[in-house]
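Geometric and topological summary
What follows is the residue order along each chain.
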Amino acid sequence: MGLLDILLGRTKPVAPDLDQLFALPSAAVTLEAAAGFTPTGGGAVCFATVEGAAFEQTHREVQALLDADSDRSGPPVELRQDDYGYSWLVSQRTPDQLPQLVNDLHAVNSSMEVNGFGPQLLCSLVGFRDDSGRSLALVYLYKRGSFYPFAPLPGGAQRRDNALELQMKALLVNDLRIEQDLSRWFPVWGAPGL
């Protein structure tokens, strides 16, 4: 960072730290013990849609790598597009396979980064649910290197349970690097894996 950056108030962006994803299993223990939320087994990586042969090759390699896992049961890894034009690489595991799901998400992010698609990566998420049916996602912001909770209210309306999100923020502060700027807690409506 140069003198001009300091004078103009610019800050250096936080470098992504994909190893932060490996803190999710311990955060899941905290979520279950303190709030009754358990993993759904679903997770996804969101990225800006990319066209071209290089991206298609990277996508095929990532999908083949993850689908080759002999412990995988259920549907294979799949690529989906949401209503907003973003792409999601979705992995589904059994709820007790959270460490393997985290490995999947890390592998997708790492492969895209290594192949030059890091700037297109937006976020990764892991889904949780409690006994009353409330949904919660722990969302990792790739460009910020931090997590935030996203809790959509049940039903078709696009409304959030802000109280639950703030409660989870306080609960997980010792387990995850929580995003402190609440304006960065973007809603991920209809996200696969949630």
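For every chain, the first residue of the written sequence is number 1, and numbering continues from 1 onward in sequence order. Selection of residues for local features in this predicted model requires a pLDDT of at least 70, selection of side-chain atom pairs for listing and counting requires 80 or more, and totals for whole chains, interfaces and linings are taken over all residues. Side-chain metrics in this entry use all non-hydrogen atoms of the structure; hydrogen atoms and water are not considered.

**Examining the overall build of the chain**
Keep this limit in mind: Each helix is a run of DSSP H or I of at least 4 residues and each strand a run of E of at least 2, with the numbering of both proceeding from the N terminus. Type-normalised accessible area, obtained with a 1.4 Å probe on protein chains alone, sets the label of each residue: buried when under 20%, exposed when over 50%, and partly exposed for intermediate values. Residues count as neighbours in contact if any of their non-hydrogen atoms are within 4.5 Å of one another. Under the convention used here, a 1.4 Å probe and the Shrake-Rupley method define accessible areas, while residue burial counts only the protein chains that appear.
Broken down by element type, the chain carries five helices and six strands. Reading the chain from its N end, one meets helices and strands in the order α-α-β-α-β-β-α-β-β-β-α. Counting over 194 residues, the chain shows a buried share of 45%. Long-range pairs, those at least 24 residues apart, make up 66% of the contacts in the chain between residues at least 6 apart in sequence. In the form shown here, the chain has an accessible surface area of approximately 9,700 Å², with 54% of it arising from carbon and sulfur atoms.

**Focus on the packing of helix 2 (residues 24-35) against helix 5 (residues 162-172)**
Packed helices, taken two at a time, are described by their axes: the angle between them and the distance between them. Quick reminder of the rule: Here an axis means a line fitted to C-alpha atoms, over the contact stretch when the element is a helix, while the angle between two N-to-C directions is reported on a 0 to 180 degree scale. Here is the rule for angles: anything less than 35 degrees is roughly parallel, anything more than 145 is roughly antiparallel, 65 through 115 is roughly perpendicular, and the remaining ranges are oblique. A crossing counts as left-handed when the near helix is turned anticlockwise from the far one by less than a right angle, and as right-handed when that turn is clockwise. When residues are grouped by polarity, Ala, Val, Leu, Ile, Met, Phe, Trp, Tyr, Cys and Pro land in nonpolar, Asp, Glu, Lys and Arg in charged, and all others, Gly among them, in polar.
Put simply, helix 2 and helix 5 touch, their axes get as near as 10 Å, and they point 120° apart. In terms of orientation, helix 2 lies oblique with respect to helix 5. For the crossing formed where helix 2 meets helix 5, the hand is right-handed. Where helix 2 abuts helix 5, its residues Ala27, Thr30, Leu31, Ala34 and Ala35 lie against Met168, Leu171 and Leu172. Grouping the amino acids of the contact of helix 2 with helix 5 by side-chain chemistry returns seven nonpolar, one polar and no charged.

**A look at the nonpolar core**
Under the convention used in this document: Residues enter a nonpolar core if they are buried and are Ala, Val, Leu, Ile, Met, Phe, Trp, Tyr or Cys, with the set joined through side-chain atoms within 4.5 Å.
Core analysis: the biggest nonpolar cluster contains 53 residues, and Trp88, Leu176 and Val188 have the highest contact counts within it. Looking at this core, the element that brings in the most residues is helix 4 (residues 98-114), giving seven residues. Residue contacts for Val188: discarding those within four places in its chain leaves Trp88, Cys123, Leu125, Val139, Tyr148 and Phe150.

**Some words on the packing of helix 2 against helix 4**
The contact between helix 2 and helix 4 brings their axes to 9 Å, and the two run at 140°. Classed by the angle they form, the pair helix 2 and helix 4 counts as oblique. Where helix 2 crosses over helix 4, the two elements pack in a sense that is right-handed. Across from Leu24, Pro25 and Ala28 in helix 2, the residues of helix 4 making contact are Leu98, Pro99 and Val102. Across the contact of helix 2 with helix 4, the residue classes tally to six nonpolar, no polar and no charged.

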